[in-house]
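Each chain, written out:
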Amino acid sequence: MLTACQRRQHQDTLAVVLSCFLAALGLTRFDHVGCKSPGAISRFLNHQQWNTRLLIRAMRNHALRAFQASLRGRRGRPPVIEIIVDTTSIAKEGEFADLEGWIHTLNRVRGLHLVVLYVCCGELRLPWSFRIWRGKGQPSPNDLALKLVQQLPKEVRNRTRQLHFLADSGFSSVALLKGLTQLGMPFSVGMRKNRQTVEGQALHEITSQQRRVHLKGLPDLDLWVYWIWLPASKQNGQREQRFVITNRPRVPQVVRQFGRRRWKIEGLFKTLKSRFALGKFGQKTKQGVLRFLCLSFAAFLLCHLEFLDERASGAEQLAPDWGKLAQQVKHRLLGWVRLVEIEVERQQILAVLDEKRRDAA
């Protein structure tokens, strides 16, 4: 990742900024860094010239190697590779003149809206890429999702027998489903209950599961309808029925399992926002915001790979302890940053003690 910066000064600043994300507090706290000033960090993120694309490419290459290593030498039936897409919103208030075209209202939330593609294979979790929704009149979240899937590397996309696309009802447009079909990718996608078939029948009027249907706009595509009952809500005490469409016939139990697996991306969003400061950017330029988001995803990826290394070494750990993992990664990869901070703090303490000693004398 440091190769994205040619100058040693920029490499040091990148290491310091990444160590702030690896504090895993949900806040970057750039103003509490002892070895770099907040102004220097702001200039590094917003204005200084270094290759952001090279940083992204380094992250993806490392993720791809981890993906290939997870499948190499595996015996038995290969695992399902889940391609999960969803939107997460970062609420923002106020005026953002330099972010024109990026701040919009979606689902009653004003702020920055990301369409994220998440690749899951067994225990492996790879936040692969994201796109920023730029508002009405621009490519929709469904269009962005299709483009993200199309841009998956061939090492992933060519495993069509293992791939399975998962998304909620927000990603059920005709264009997206047609595009997935052309790619030969199986999918399980949520549908609104009033979505109609070519015969004019709404999905909620269908009385039997695993029934083949043809939706309006997709008359030539064979689809199968299922539904899932969610637990009773605390507000009204009523159970909610959710509908799912697949392009391969499956038993209802398998469809329910895929529905539960889609929630993995919700766990990703929760971790990114609560631990790696995804929703706390304060940059005023588009370049600064993009770099901030990339480093947040990078911090998650490094900690997740550290977790997998611990599991491979025999450590009994059922769920990631993100605070502990982030500290281990920070000490192992960026330990010198903490040592510099400690030395700076030591010099400050000595200066205070010397001043008190002179006053006493």
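This one's a predicted model, so the numbers in the text were calculated from it and none came from an experiment. (Residues numbered from 1 in each chain as written. Predicted model: local features only at pLDDT ≥ 70, side-chain atom pairs only at ≥ 80, totals over all residues. Heavy atoms only, no water.)

### Section: the packing of helix H4 (residues 141-150) against helix H6 (residues 174-182)
Consideration 1: Relative to each other, H4 and H6 sit at 15°, their axes nearing to 8 Å. With respect to each other, H4 and H6 are oriented roughly parallel. As for the relative orientation of H4 and H6, their crossing is left-handed in sense. Residues Asn142, Leu146 and Val149 of H4 lie in contact with H6, whose contacting residues are Ala175, Leu176, Gly179 and Leu180. (Axes fitted to C-alpha atoms, helices over the stretch in contact; angles between N-to-C directions. Helix = DSSP H or I, 4+ residues; strand = E, 2+ residues; numbered from the N terminus. Parallel < 35°, antiparallel > 145°, perpendicular 65-115°, else oblique. Left-handed = near helix turned anticlockwise from the far one by under 90°. Contact = heavy atoms within 4.5 Å.)

### Regarding helix H9 (residues 286-312)
Note: α-helices contain 3.6 residues per turn, so residues at a spacing of three or four share the same orientation.
Consideration 1: Between the first and last C-alpha of H9 there are 39 Å, a value that for 27 residues agrees with the 39 Å anticipated at 1.5 Å per step.
Consideration 2: For H9, a buried count of 21 out of 27 residues is recorded, marking the element as mostly surrounded by other parts of the structure.
Consideration 3: Positive phi appears at Gly314, one or two residues downstream of H9, with a value of about 100°. (Expected span 1.5 Å × (residues − 1). Buried < 20%, exposed > 50% of the residue type's maximum accessible area, 1.4 Å probe, protein only.)

### With respect to the domain arrangement of the protein
Consideration 1: When the domains of the protein are assigned, the result is domain 1 (2-186 + 248-328) and domain 2 (191-247).
Consideration 2: If you average the C-alpha positions of domain 1 and of domain 2, the two centres end up 30 Å apart.
Consideration 3: Taken together, the 15 residues of domain 1 in the interface contact 15 residues of domain 2.
Consideration 4: Carbon and sulfur atoms supply 63% of the area that domain 1 and domain 2 bury against each other, a total of about 1400 Å² over both sides.
Consideration 5: The tally of links between domain 1 and domain 2 comes to zero salt bridges.
Consideration 6: At the boundary of domain 1 with domain 2, the tally comes to five residue pairs in polar contact (both at pLDDT 80 or more).
Consideration 7: Listed by contribution, the elements that provide at least two residues to the side of domain 1 that touches domain 2 are H6 and helix H7 (252-261). (Domains from an automatic or database assignment. Buried area = accessible area lost by both parts, 1.4 Å probe. Salt bridge = Lys/Arg side-chain N within 4 Å of Asp/Glu carboxyl O. Polar contact = N/O pair within 3.5 Å; in protein donor to acceptor, adjacent residues only side chain to side chain.)

### Re the state of the cysteines
Consideration 1: Within this structure, the stated rule accounts for zero disulfides.
Consideration 2: Free cysteine Cys20: the closest other cysteine sulfur is in Cys35, separated by 7.9 Å. (Disulfide = S-S within 2.5 Å.)

### Quick look at the pairing of strand E3 (residues 109-121)
Consideration 1: The element E3 is extensively covered by neighbouring structure, given that eleven of its 13 residues are classed as buried.
Consideration 2: Taken together, the eleven bridges between strand E1 (residues 81-91) and E3 define a ladder with antiparallel strand orientation. Residue pairing for E3: Ser89 is matched across the bridge by His113.
Consideration 3: Bridge analysis of strand E2 (residues 103-106) against E3 gives four bridges, and the strand direction is antiparallel. Note on E3: the bridge partner recorded for Leu106 is Val109.
Consideration 4: Hairpin connection of E2 to E3: two residues between the antiparallel strands, including Asn107 at a positive phi of 55°. (Pairing = 2+ DSSP bridges.)

### Focus: the UniProt feature "domain: Transposase IS4-like" (unreviewed entry) in the protein
Consideration 1: UniProt's feature table lists "domain: Transposase IS4-like" (unreviewed entry) at residues 83-301, given in the numbering used throughout.
Consideration 2: Along residues 83-301 the backbone is 27% helical and 29% strand, and the end-to-end C-alpha distance reaches 17 Å. (UniProt positions renumbered as here; feature names shortened; annotations may be inferred.)

### Description of the packing of helix H2 (residues 38-46) against H9
Consideration 1: Direction vectors running N to C along H2 and H9 enclose 100°, while the axes themselves pass 7 Å from each other. With respect to H9, the element H2 is oriented roughly perpendicular. Residue-level inspection shows Phe44, Leu45 and Asn46 of H2 in contact with H9, the latter providing Gln287, Gly288, Arg291 and Leu295.
Consideration 2: Residue classes in the contact of H2 with H9 are distributed as three nonpolar, three polar and one charged. (Nonpolar A, V, L, I, M, F, W, Y, C, P; charged D, E, K, R; others polar.)

### Thoughts on the packing of aromatic side chains
Consideration 1: Summed over the entire model, instances satisfying the criterion amount to ten aromatic pairs.
Consideration 2: Ring centres of Phe281 and Phe292 lie 6.4 Å apart, and the angle between their planes is 65°; this geometry places the pair in the edge-to-face category. Remark: Phe292 occurs in helix H9 and Phe281 occurs in the loop between helix H8 (264-274) and H9; sequence separation between them is eleven residues. Side by side, Phe281 and Phe292 carry an identical accessibility label, which is buried.
Consideration 3: Put simply, the rings of Phe21, Phe30, Phe281 and Phe292 pair up and form one aromatic cluster. (Phe/Tyr/Trp six-rings, centres within 6.5 Å; stacked < 30°, edge-to-face > 60°.)

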